[in-house]
Amino acid sequence: MDCNDKKKVLTGLTHECGVFGCMARGPWPTQLDVPQVICLGLIALQHRGQESAGIVTSEGKCSKKLNVKKGMGMISNIFNDESMQKLKGNLGIGHTRYSTSAASEEINCQPFVVHTGHGALAVAHNGELVNSEALRRMVLSRGVGLSTHSDSELITQALCLNPPEGEEESGPDMPARIRHLMQLAPLSYSLVIMMKDRMYGVRDPYGNRPLCLGKIVPVDHQNDNEADGWVISSESCGFLSIGARYVREVLPGEIVEITDKGCKTKDIVPRPEGKALAFCIFEYVYFARADSMFEGQMVYSVRMQCGKMLAREAYVDADIVSSVPESGTAAAHGFSKESGIPFAEVLCKNRYIGRTFIQPSTRLRQLGVAKKFGAIEANVAEKKIILIDDSIVRGNTIGPIIKLLKDAGAKEVHVRIASPALRYPCYMGINIPTTEELIANRLDNIKLADHAGADSLAYLSVEGLIKAVRWKIKKGKNDIGHCTACLTGEYPELPDW
Ligand SMILES: O=P(O)(O)OC[C@H]1O[C@H](OP(=O)(O)OP(=O)(O)O)[C@H](O)[C@@H]1O
Ligand SMILES: NC(=O)CC[C@H](N)C(=O)O
Ligand code: SF4
Ligand SMILES: [Mg+2]
């Protein structure tokens, strides 16, 4: 067997991570099922990371004892009744991981837990530090030993350092420690930090990674003024499934303290002078679940708007508009609405194929991603089709799909991509392939159409994407800013490695 036979056919951008926290409202011990809420919250964030997960809880009494359960794999395989029982507590945090800075191994699973002079501390992190090398040197020079190469452990240890203001006699001044960390490392993170009886939600000053707050409301009477507890999450998509209501986003640079009494802003740390906000635009394009909210708008609506923009920029005559499921579908509806060409499904996706550990044989590997899809022949035969996908990364998905459609009798397939061409790597928590691997750097639209067997191919422009993303945001001009670095090469900050 040639060693290439073992290679998986890689597609798309590998996601980032999901962080989640839950605090029961006092008095404690609570009636709220805190570990179950965190587990369900993490399941709703499973699309953000599928390599490993963990939950850490506290009963709120003893600063030396946190309950910890972490493991490799999907959430439903890690947690069971027995672990839920052991995780019983009044507050807790959780994490689901796609690794960026250290290997996908048990030792790097999150949340990280350390025991400090002021009690135990647990940290869950989404993002990647652009200056991890400098911060690592600084932390090591203060006599701290690190046991992994994870930037998330580095954050945890940096939070153990006394703030520059000096020694704290009556317990740690956590907001001061967090502020100190944020000044040392401005990008990129959303953090959920837990101590014995409180937690902190933190977003980096650029607002690069998402984080939002929710309120758990009583199941029987949904009175807005009452709360059984509070949740904090990378995305809001899971809130309804745990009986929570969306409250608001954590602001860029904000440090929110959550106790059994409620949520309080402790500080808002500014960005370095002259730097603009940089919320990841790809959260809208692909990463987030379509029912999540960012910047006051639903991701689904933005994807639809991207499709409408695409119809204005790259219309072509056809019988139907369709999509590559899942994440291309909202944009296809937008394209259809704007162009007046009816929407019809042409592909079924096998939702169980997921991340498989079965190494395909050569024959199956050659079939490529077509294994994931089936063509709906009744909608395809004799049709001129506009096929919408949200993104093209390595270009492994689109060709086999077009072949599938043509084999099912499609007359023409015109590919329209609801985001611009991806050309640059990401240093902020997303595993984007190397510049050479990104197919847009090798083939222009005409050559790529030819290579994929399409009758034509066009991407949405960068301006079109920005317009679609901002069309409904109700904020002042200075309060809006998106990272587009993987499309434009304009990075909010460059890494130090
Ligand atoms: O150009 P490529 O490298 O082949 O990757 C691009 C594809 O990967 C993603 O889909 P994916 O199948 O990962 O997930 P989805 O179901 O969320 O769309 C993306 O939506 C594109 O369809
Ligand atoms: N994708 C992420 O957000 C990863 C978080 C962190 N850098 C890790 O590798 O664990
Ligand atoms: S480079 Fe791309 S994927 Fe990375 S944060 Fe910026 S927009 Fe998001
Ligand atoms: Mg896709």
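What you see is a predicted model, and the numbers here were worked out from it, not measured in a lab.

Trainee: How should helix H1 (residues 34-44) be read in this particular structure?
Mentor: Residues separated by three or four positions in an α-helix point in the same direction, a consequence of the helix having 3.6 residues per turn. Taking burial as the measure, the eleven residues of H1 include ten buried ones, the bulk of the element. Turning to H1, its buried residues are Val34, Pro35, Val37, Ile38, Cys39, Leu40, Gly41, Leu42, Ile43 and Ala44.

Trainee: Is there a simple way to explain the packing of helix H8 (residues 299-313) against helix H9 (residues 329-339) in this structure?
Mentor: The packing of two helices is summarised by the inter-axis angle and the distance between the axes. The interhelical angle for the contact between H8 and H9, taken along N-to-C directions, is 45 degrees, at an axis separation of 6 Å. Overall, the two elements H8 and H9 adopt an arrangement that is oblique. In the crossing of H8 with H9, the sense of the turn from one axis to the other is right-handed. Judged by residue contacts, Tyr300, Arg303, Met304, Gln305, Cys306, Gly307, Lys308, Leu310, Ala311 and Arg312 of H8 engage Ala330, Ala331, Ala332, His333, Gly334, Phe335, Lys337, Glu338 and Ser339 from H9. In terms of residue class, the contact of H8 with H9 is built from nine nonpolar, five polar and five charged.

Trainee: Quick question: what am I supposed to make of the UniProt feature "active site" (unreviewed entry) in the protein here?
Mentor: UniProt records the feature "active site" (unreviewed entry) for Cys17 in the present numbering. With respect to the helices and strands, Cys17 occurs in the segment before strand S1 (18-24). C-beta crowding within 10 Å serves as the criterion here: with 27 such atoms nearby, Cys17 is assigned to the buried category. Sequence-distant contacts of Cys17, defined by excluding residues within four places in its chain, comprise Arg48, Gly49, His95, Thr96, Arg97, Tyr98 and Asn126.

Trainee: Help me understand the UniProt feature "binding site: Mg(2+)" (unreviewed entry) in the protein in this model?
Mentor: Following the UniProt record, one finds the feature "binding site: Mg(2+)" (unreviewed entry) at Ser327, Asp389 and Asp390. For the annotated residues, spread through 64 residues, the largest C-alpha to C-alpha distance comes to 7.2 Å, consistent with a single compact locus. Relative to the elements of secondary structure, Asp389 occurs in strand S20 (residues 384-389). Residue classification places Asp389 among the buried positions, given that 23 C-beta atoms sit within 10 Å. If we skip the residues at most four places from it in the chain, Asp389 touches Ser323, Val324, Gly328, Ile398 and Ile417. Summarising the element assignment, Asp390 is placed in the loop between S20 and helix H12 (398-407). With residues up to four places along the chain from it excluded, the contact list for Asp390 reads Val285, Tyr286, Ser327, Gly328, Ala331, Ala418 and Ser419.

Trainee: Just to check I follow, could you spell out the sheet that holds strand S2 (residues 52-58) for this structure?
Mentor: Pairing between the strands of a sheet comes from backbone hydrogen bonds, and it takes one of two forms, parallel or antiparallel. Spatially, seven strands are ordered S3-S2-S4-S1-S10-S9-S11 in an open sheet, and the strand pairing comes out antiparallel. Looking at strand neighbours, the two that pair on one side only are strand S3 (67-72) and strand S11 (244-249), the edges of this open sheet. The mean inter-strand angle of the sheet, taken between neighbouring strand axes irrespective of direction, is 15 degrees. As defined by bridge partners, S1 adjoins strand S10 (residues 229-233) across five bridges and the pair is classed as antiparallel. Bridging from a neighbouring strand, Ala24 pairs with Gly229 of S10. Where H1 meets the sheet, its contacts fall on S1, S2, strand S4 (91-97) and S10, and the angle it forms with S1 comes to roughly 155 degrees.

Trainee: What am I meant to see in the confidence of the model for the protein here?
Mentor: The predicted coordinates of low-pLDDT regions are not to be read in fine detail. When pLDDT is averaged along the protein, the result is 91; 92% of the residues meet or exceed 70. Confidence drops under pLDDT 50 across residues 1-7; counting only partners more than four residues distant or on other chains, this segment forms three contacts. Confidence metrics for the complex model read pTM 0.94 and ipTM 0.97.

Trainee: I'm lost on the packing of H8 against helix H14 (residues 462-470) in this one. Help?
Mentor: For the pair H8 and H14, the least separation of the axes is 8 Å and the interaxial angle reads 140 degrees. Taken together, the axes of H8 and H14 are oblique relative to one another. Like other packed secondary-structure pairs, H8 and H14 cross with a definite hand, here right-handed. In contact with Val302, Gln305, Cys306, Met309, Leu310 and Glu313 of H8, H14 contributes Gly464, Leu465, Lys467, Ala468 and Val469. Split into classes, the residues belonging to the contact of H8 with H14 amount to seven nonpolar, two polar and two charged.

Trainee: Please explain the site of ligand 2 as it appears in this structure.
Mentor: Neighbouring ligand 2 are 17 residues; Glu16, Cys17, Ser101, Asn126 and Gly429 lie closest to it. Grouping the amino acids of the shell around ligand 2 by side-chain chemistry returns three nonpolar, ten polar and four charged.

Trainee: Would you mind going over the nonpolar core with me for this structure?
Mentor: Generally speaking, nonpolar side chains in soluble globular proteins are found buried as a group. If you look at the biggest cluster of nonpolar residues, it comprises 146 residues, and the most contacted ones within it are Val192, Ile193, Ile385 and Leu405. Ranked by the residues each element gives to this core, the list is headed by H1, at eight residues. Those residues within four positions of Ile193 in sequence are excluded, and the remaining contacts are Leu121, Val123, Leu159, Met199, Tyr200 and Val202.

Trainee: Before we go on, may I ask you to explain the environment of Gln50 in this structure?
Mentor: By secondary structure assignment, the location of Gln50 is in the loop between H1 and S2. Separated by 75 residues in sequence, Gln50 and His125 place their C-alpha atoms 15 Å apart.

Trainee: I tried to follow the environment of Leu129 on my own but got confused; where do I start?
Mentor: With respect to the element layout, Leu129 can be found in the loop between strand S6 (119-126) and helix H4 (132-141). Separated by 26 residues in sequence, Leu129 and Ala103 have C-alpha atoms that sit 16 Å apart.

Trainee: How should I be thinking about the sheet that holds strand S21 (residues 412-417) in this particular structure?
Mentor: Reading across from one edge, S17-S20-S21-S22 is the order of the four strands in this open sheet, with parallel pairing throughout. Each edge of the open sheet is held by one strand with a lone partner, namely strand S17 (320-323) and strand S22 (456-459). Direction aside, neighbouring strands of the sheet carry axes that sit 20 degrees apart on average. Pairing geometry for S21 and S22, over four bridges, is parallel. Looking across to S22, one finds that His414 is bridged to Ser456. Each of S21 and S22 touches helix H13 (residues 445-452); the most contacted strand, S22, lies at about 130 degrees to it.

Trainee: Explanation requested: unusual backbone geometry in the structure shown.
Mentor: When glycine is set aside, most residues are seen to have a negative phi, and most peptide bonds are trans. The residue after Gln110, namely Pro111, is reached through a cis peptide bond having omega -5 degrees. Along the polypeptide, Pro111 turns up in the loop between S4 and strand S5 (112-116). Put simply, Pro325 and Glu326 share a cis peptide bond, and its omega is 5 degrees. Checked against the element boundaries, Glu326 lands in the loop between S17 and H9. Positive phi, normally seen in glycine, also occurs at Glu295, with a value near 50 degrees. Checked against the element boundaries, Glu295 lands in the loop between strand S15 (293-294) and strand S16 (297-298). Look at Glu382: it is not a glycine, yet its phi comes out positive at around 70 degrees. Inspection of the secondary structure assignment puts Glu382 in the loop between helix H11 (377-380) and S20.

Conventions adopted
Residues numbered from 1 in each chain as written. Chains lettered and ligands numbered in written order. Predicted model: local features only at pLDDT ≥ 70, side-chain atom pairs only at ≥ 80, totals over all residues. Buried ≥ 20, exposed ≤ 12 C-beta atoms within 10 Å, placed from the backbone. Helix = DSSP H or I, 4+ residues; strand = E, 2+ residues; numbered from the N terminus. Axes fitted to C-alpha atoms, helices over the stretch in contact; angles between N-to-C directions. Parallel < 35°, antiparallel > 145°, perpendicular 65-115°, else oblique. Left-handed = near helix turned anticlockwise from the far one by under 90°. Contact = placed C-beta atoms within 7 Å. Nonpolar A, V, L, I, M, F, W, Y, C, P; charged D, E, K, R; others polar. UniProt positions renumbered as here; feature names shortened; annotations may be inferred. Pairing = 2+ DSSP bridges. pLDDT = per-residue confidence, 0-100. Near = placed C-beta within 6 Å. Core = buried A, V, L, I, M, F, W, Y, C linked by C-beta atoms within 7 Å.

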